[in-house]
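# Coordinates in review
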Amino acid sequence: NPEQVVALKAPKAIDYGYGYNNRFPRFQQAIAPLPDVLSVSGSATVPGQDIFWYDDQIRVQDQETSGVFSILHVAPSYFQQYDIDLIAGRVFDEPNRNKWIINESAVKLLGFDKAEMAIGQTIQRNEEAGEIIGVVRDFHHQSLKKAIEPILFWASHSLNYYTVKVKTNNLSQTLEQLQENYQSLFPGSPFEYFFLDEFFNRQYQSERQFNALF
C-alpha cells in the first residue's frame, strides 16, 4: 500500500558529527512525533524501482540453491508501513545482518513446502550465516506486468530513501515540517521528495495512454 507515503532521498552530504548508519534513527526520532505523521521507515529502493542487489549463490542449511534472489535493505518498520502481511515468524525489531525475512517466492526457491518450515533455518551468503525469522506474503514490488521476485530482506539503517506515511488533511504544512527537520538534521543535503503512489503508478503510463487512444 503506497498511499499517503512521502519518499525522501537520504542525505548525501558528509557530516562528521555522526556516521551514516546513525542518520536514519535521528531522522525517525525527529519526525515521528509530528502530529500528522503516521509512520517513518525507509529502504534501499522503494516500490516501483528495480531491486539492484541480487545473489545467485545462496545456501540454506549448507545446501546450495538454484536461482537468483533479490536482496533488499529495509528499516525495521518497513512491513508495517506498507501493510505487508506477515504469514510466519516475526518482523524485525532492530538492524541485524544475521536475521532475515523472506517472501513466499523465496520460500519456494529455498526448497520449503510451507512458510513455517523456513523459520529458524540458516541462510549462508558471502560466507556469512543468518537466521530466517519471518516470512511475508508475496507482493508486487514492481508493476503487475513483472513476475514477483524471490526477495531476502535484512534490517539496516543504511538506506537510500526515508519514507513517511502522513495524514493528508494538512499536507502542505506537513511537508514544510518535514523540510525544516530534514534541513536542520542534514545541512548541505537537498530536500528531495516525491509521492510514492504517483511514482509507482508511472509504471502503467503506457497502458493509460493506450486506453485513452483506444
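That block above? That's the structure.
Note that the structure is a prediction, hence the values are computed from the model and not measured.

### Details of the packing of aromatic side chains
- Using the criterion set out here, one finds 18 aromatic pairs in the structure.
- Judged by centre distance (6.5 Å) and plane angle (75°), the rings of Trp-53 and Trp-154 are edge-to-face. Of this pair, Trp-53 sits in strand β3 (residues 53–55) while Trp-154 sits in strand β11 (residues 151–155); the two residues are 101 residues apart in sequence, bridging distant segments of the chain.
- Note on Tyr-193 and Phe-195: the rings are 5.8 Å apart at their centroids and 85° apart in plane angle, and the pair reads as edge-to-face.

### Some thoughts on the packing of helix α1 (residues 23–31) against helix α5 (residues 171–185)
- Between α1 and α5, the shortest axis-to-axis distance is 10 Å and the interhelical angle comes to 145°. As α1 runs across α5, the sense of the crossing is right-handed. Contacts between α1 and α5 pair Arg-26, Phe-27, Ala-30 and Ile-31 from the former with Leu-178, Asn-181, Tyr-182 and Leu-185 from the latter.
- In terms of residue class, the contact of α1 with α5 is made up of six nonpolar, one polar and one charged.

### Thoughts on the environment of Arg-23
- Along the polypeptide, Arg-23 turns up in helix α1.
- Arg-23 gets classed as buried once you look at its relative accessible area, which sits at 6%.
- Sequence-wise, Arg-23 and Asp-85 are 62 residues apart; in three dimensions their C-alpha atoms are separated by 28 Å.
- Polar contacts involving the side chain of Arg-23 include one to the main-chain carbonyl oxygen of Pro-11, which spans 2.9 Å.

### What about α5?
- For α5, which comprises 15 residues, the first-to-last C-alpha distance of 21 Å matches the rise-based estimate of 21 Å (1.5 Å per residue) to within 8%.
- Where α5 is buried, its residues touch β1 (5–9), α1, β12 (161–166) and β13 (193–195).

### Some points on the pairing of strand β8 (residues 96–103)
- Taken together, the three bridges between β8 and β11 define a ladder with antiparallel strand orientation. Residue pairing for β11: Asn-96 is matched across the bridge by Ala-155.
- Taken together, the five bridges between β8 and strand β10 (residues 128–136) define a ladder with parallel strand orientation. Bridged to Asn-103 within β10 is Val-136.

### Considering the nonpolar core
- With 23 residues, the main nonpolar core has Leu-72, Tyr-78, Phe-79, Phe-92 and Phe-153 as its most contacted residues.
- Among the elements that line this core, the one with the most residues is β11, at three residues.
- If sequence neighbours within four positions are ignored, Leu-72 has contacts with Ala-44, Thr-45, Ile-51, Tyr-78, His-141, Ile-151, Leu-152, Phe-153 and Trp-154.
- With 20 residues, the next largest nonpolar core counts Phe-24, Ile-31, Tyr-162 and Leu-178 among its residues.

About the cut-offs
- Residues numbered from 1 in each chain as written.
- Predicted model: local features only at pLDDT ≥ 70, side-chain atom pairs only at ≥ 80, totals over all residues.
- Heavy atoms only, no water.
- Phe/Tyr/Trp six-rings, centres within 6.5 Å; stacked < 30°, edge-to-face > 60°.
- Helix = DSSP H or I, 4+ residues; strand = E, 2+ residues; numbered from the N terminus.
- Axes fitted to C-alpha atoms, helices over the stretch in contact; angles between N-to-C directions.
- Left-handed = near helix turned anticlockwise from the far one by under 90°.
- Contact = heavy atoms within 4.5 Å.
- Nonpolar A, V, L, I, M, F, W, Y, C, P; charged D, E, K, R; others polar.
- Buried < 20%, exposed > 50% of the residue type's maximum accessible area, 1.4 Å probe, protein only.
- Polar contact = N/O pair within 3.5 Å; in protein donor to acceptor, adjacent residues only side chain to side chain.
- Expected span 1.5 Å × (residues − 1).
- Pairing = 2+ DSSP bridges.
- Core = buried A, V, L, I, M, F, W, Y, C linked by side-chain atoms within 4.5 Å.

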